[in-house]
Amino acid sequence: MFDTGALIRKLMLAIVPMLITISTAQSAELPPGFVEVPKKIVKPKGFPSTDYEKGQLNNKKLKSAGSISFDITIAELEELGFKCKPTTSGERNYCRTPDATAYTLLGRPAKVNVALYQGLVDFVEYTIPATHGEVKEALTSVYGMPFKRIAYRGEPLESERQYIAWIFSDGAVVDIYFDEPNRAVDVGFHTPLYTAREYEQQFAEFGLEPFGLDALDISDL
């Protein structure tokens, strides 16, 4: 019977010396003093440790937005000319001014939107004709240096696309959003009720404790 094992052993005895000879010849061709260095594994660069710039924590409490108190009720808003509409869930109501003639912010006519959650003011938003830079400068003069997101995953953001926020000791937040197509700026005044739910992660990015905030309820007023 044909012995395949014997044939494989003969082939290995013939191939191994040949491989050793080739390897020795290649080593002999290297220049004198050459030291072979193992190839480095190149890892992709990670994102910078932070894309955020820490601002100045405002030690005051934010109790109102412009001329609108955070303690205002739906009935009081309707008396002031707001049109209020509840959501399908019934927990949230939105009250808006029908036009931009009744209110102003930073000397500009403003449309105002007030959101209430379970009867408590959640946030107040003013929309005014302005540029991002104008509003940022004006609010910085009032509230101090803002906290900023200056890049997204390491990529610098244009100044009018940066996230800008002024943070208060009670957890309230004022931020701005530039509506470029309409050349308008939304100025949002967010109550601690809102930030307790929505801003904890944002505070962490800025290196801030979330102030131990609990969501407010009627008994807190």
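Keep in mind that this is a model prediction, so the values were computed, not measured.

Student: It is not clear to me how the overall build of the chain should be interpreted in this structure. Could you clarify?
Tutor: Of regular secondary structure, the chain possesses 5 helices and 14 strands. Split into buried and exposed, the 221 residues of the chain put 33% on the buried side. Of all intrachain contacts in the chain linking residues separated by at least 6 positions in sequence, the fraction that spans at least 24 positions is 53%. Total accessible area on the chain is roughly 14700 Å²; 56% of this is exposed by carbon and sulfur atoms.

Student: For this particular structure, what's the right way to read the nonpolar core?
Tutor: Nonpolar side chains in soluble globular proteins generally cluster together in the buried interior. Core analysis: the largest hydrophobic core is formed by 32 residues, its most contacted members being I68, V114, V124, Y126, V174, V187 and F189. Elements supplying a minimum of two residues to this core: β6 (103–105), β7 (108–117), β8 (120–129), α3 (132–143), β12 (163–167), β13 (173–179) and β14 (184–190). Once residues within four sequence positions are removed from consideration, V174 is found in contact with L62, L139, Y143, I164, A165, W166, F168, V187, G188 and F189. Among the nonpolar cores identified, the runner-up in size contains 12 residues, and Y52, F123, Y194 and Y199 belong to it.

Student: Whenever I open this one, the confidence of the model for the chain confuses me. Can you help?
Tutor: Interpreting fine coordinate detail is not advised for predicted regions of low pLDDT. Averaged over all residues, the pLDDT of the chain is 80; the fraction at 70 or higher stands at 71%. Looking at the elements of the chain, mean pLDDT is at its lowest for helix α1 (residues 4–28), recorded as 50, and at its highest for β14, recorded as 96. The low-confidence segment residues 19–28 (pLDDT under 50) makes 0 contacts with residues lying over four places distant or belonging to another chain.

Student: Whenever I open this one, the pattern of salt bridges confuses me. Can you help?
Tutor: Any two side chains of opposite charge can pair, given that their charged atoms come close. Here the structure, examined in full by the defined rule, presents 5 salt bridges. Here E53 ties to K148 by a salt bridge, and the two come within 3.4 Å at their closest N and O atoms. With E53 in strand β1 (residues 52–53) and K148 in strand β9 (residues 147–149), this pair connects stretches of sequence that are 95 residues apart. Across the salt bridge formed by R92 and D122, the nearest N and O atoms sit 2.7 Å from each other. Of the two residues, R92 is situated in strand β5 (residues 92–96) and D122 in strand β8; the sequence distance between them amounts to 30 residues.

Student: Mind showing me how you'd approach the packing of aromatic side chains here?
Tutor: Pairs of aromatic rings are described using the distance from one ring centre to the other and the angle between the two planes. Counting across every chain of the model gives 8 aromatic pairs. Ring centres of F82 and Y103 lie 5.6 Å apart, and the angle between their planes is 55°; on these two criteria the pair is classed as tilted. Residue F82 is located in the loop between α2 (74–79) and β4 (83–86), and its partner Y103 is located in strand β6; the two are separated by 21 residues in the primary sequence. Classification of F82 as buried rests on a relative accessible area of 3%. Centroid distance F147 to F206: 5.1 Å. Interplanar angle 50°. Geometry classified as tilted. With F147 in strand β9 and F206 in the segment after α5 (200–205), this residue pair connects regions lying 59 residues apart in the sequence. Relative accessible area serves as the criterion here: at 0%, F147 is assigned to the buried category.

Parameters and conventions
Residues numbered from 1 in each chain as written. Predicted model: local features only at pLDDT ≥ 70, side-chain atom pairs only at ≥ 80, totals over all residues. Heavy atoms only, no water. Helix = DSSP H or I, 4+ residues; strand = E, 2+ residues; numbered from the N terminus. Buried < 20%, exposed > 50% of the residue type's maximum accessible area, 1.4 Å probe, protein only. Contact = heavy atoms within 4.5 Å. Areas by Shrake-Rupley, 256 points an atom, 1.4 Å probe, with all protein chains shown as cover. Core = buried A, V, L, I, M, F, W, Y, C linked by side-chain atoms within 4.5 Å. pLDDT = per-residue confidence, 0-100. Salt bridge = Lys/Arg side-chain N within 4 Å of Asp/Glu carboxyl O. Phe/Tyr/Trp six-rings, centres within 6.5 Å; stacked < 30°, edge-to-face > 60°.

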